[in-house]
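# Survey of secondary and tertiary structure
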Amino acid sequence: MDGLSNRSDGRTAKLRRAMPGSVAALDVAAVTVPHYFRCPISLELMRDPVTVCTGQTYDRPSIESWVATGNTTCPVTRVPLADFTLIPNHTLRRLIQEWCVAHRSLGVERIPTPKQPADPLLVRSLVASASAGSVTSRVAALCRLRALARESEKNRAVISTHETRSVLVEIAFEGKEELADQPALEAMAVLSILPLSEAESTAVATRPERLRRLGEMVREHPSMEARINAAAVIEVVAAGARSAEIRTAVGETEGVMEGLVALVEQQGNPRAVRVGIRGLFALCLAKENRFRAVAAGAAAAVVGRVGELASSDAERALATVELLCRWEGGREAVVAGWGGGAAAVEALVRAMAGKASGRTVEHAAGALVAVLGNSETLQWEAVAAGVVSHLLLLVQGGCSERAKRKAQLLLKLLRSALPFHNSLPNSDDYLQPF
């Protein structure tokens, strides 16, 4: 009896360590999962069962992945899907939850009730209400849309249709250029969360009055939230356009660069800093905008934030620094922002250390190439700070070809500063011409 108990306890322990809902884990515990509880695609216990138009039920992530990869038929029946609406199967979900509870003694965990994405009919109704009616009702509808968009990625996917985005763009830039137009502010807040297509981004960037509205808002609006939302829309437009001409048009708009730099300089507002850096990076991808960013004080503002940012934000900040270094006068502005060449070298090498991502190390290496230049003194500073080991780890870690080229260039630049030539093992492997 004790042996049976120990075996049962062992199976339960294995199950508890496994991912909830995993059929493999359930098999370990000798639990038979009813076949109609399993997704026909993944064969796993369904956590969010949904029914398609053919009447077949699947786990939501599995059928969404099936459709996202270009499939247009029902996986079981092979009948073409007349529409791709997924209807939650609440009855089956409750049965699965009850079955999980009944087998709790064997370590089966009850699946949580999934939060359903926004109803497309509700979204369409809110968009219609936002387009017409009293100011109060329009603002209420837009506030509800913003709340839904912030709630989940699934909601944003439902909301972010071409029709909805087009309506939001019209509302955000409608009427006169008054900064306090409440429906326009709320529409701008929703747009700041959604991506824009290339055509939609162009529709904003080719209208001078719309760019002027963004420039005025990001630089002058009394509400910090409105300034941040305008900056987020600037970044979305610049990223969506994928055109140097469009990015240049946005960057040369009066107030845009100054407003973004001011957000990066905000104290105690991480979102303002993050959005400001993202906007500067998106605009500085166009060469013509880099001198404007430097003139607006972007170099000092961004380098002052590098040491306090999370991983993805640090990547963008260092990528922006690298882009600014490529413009005449940009290197000097970056070095001055860090308080001198030695401090700049120390900061960039420190950015490569610890758990820095490969992209962070890559951009720091690219900026360091510009900062070091032909200065032997700074090259010695970099070697003394331990940059060589970071670069070798980058190359050995299976980095991208672009990152490898930057690391090789920097290693070649530093070769004369190494105390002993042999201190760089197999150096010829890393210093191939490119």
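Below is a summary of the structure that appears in this document. (Residues numbered from 1 in each chain as written. Predicted model: local features only at pLDDT ≥ 70, side-chain atom pairs only at ≥ 80, totals over all residues. Heavy atoms only, no water.)

### Observations regarding the nonpolar core
As a reminder, the rule being used: Put simply, buried Ala, Val, Leu, Ile, Met, Phe, Trp, Tyr and Cys residues joined by side-chain atoms within 4.5 Å make one nonpolar core. Think of it in three bands: residues with accessible area under 20% of the maximum for their type are buried, residues over 50% are exposed, and the middle band is partly exposed, with areas taken using a 1.4 Å probe on protein chains only. Going along the chain from the N terminus, every DSSP run of H or I of four or more residues is numbered as a helix, and every run of E of two or more is numbered as a strand. Throughout, a residue-residue contact means that at least one pair of heavy atoms, one from each residue, lies within 4.5 Å.
Among the nonpolar cores identified, the biggest contains 104 residues, and Trp338, Leu368 and Val387 are the most heavily contacted of them. Looking at which element gives the most residues to this core, the answer is helix 12 (residues 224-241), with 11 residues. Once residues lying within four places of it in the same chain are set aside, the contact partners of Val387 are Val349, Met352, Leu368, Ala382, Leu410 and Leu414. If you look at the next biggest cluster of nonpolar residues, it comprises 19 residues, including Leu45, Ile63, Leu92 and Trp99.

### Considering the sheet that holds strand 3 (residues 87-88)
Rules: At least two bridges found by DSSP between two strands are what make those strands a pair.
Pairing is antiparallel across the open sheet formed by 3 strands, whose spatial order is 2-1-3. Whereas interior strands pair on both sides, the edge strands pair on one side only; in this sheet they are strand 2 (57-59) and strand 3. Here strand 1 (residues 49-51) runs beside strand 3; their pairing, made up of 2 bridges, is antiparallel. Paired with Thr51 across the strands is Ile87, a residue of strand 3.

### Quick look at helix 10 (residues 198-205)
Note the threshold: This arc corresponds to the set of directions leading from the helix axis out to the C-beta atoms.
Taken as a whole, helix 10 has its buried residues at Glu200, Ser201, Val204 and Ala205. Seen along its axis, helix 10 keeps its buried residues to an arc of 130°; they face one direction. Looking at the packing, one finds that the buried side of helix 10 touches helix 8 (162-172), helix 11 (208-220), helix 12 and helix 13 (244-251).

### Observations concerning the side chain of Glu186
Mapped onto the elements of the fold, Glu186 is located in helix 9 (residues 182-191). Owing to a relative accessible area of 9%, Glu186 belongs among the buried residues under this scheme. Leave out the neighbours within four places in its chain, and Glu186 touches Val139, Leu142, Cys143 and Arg146.

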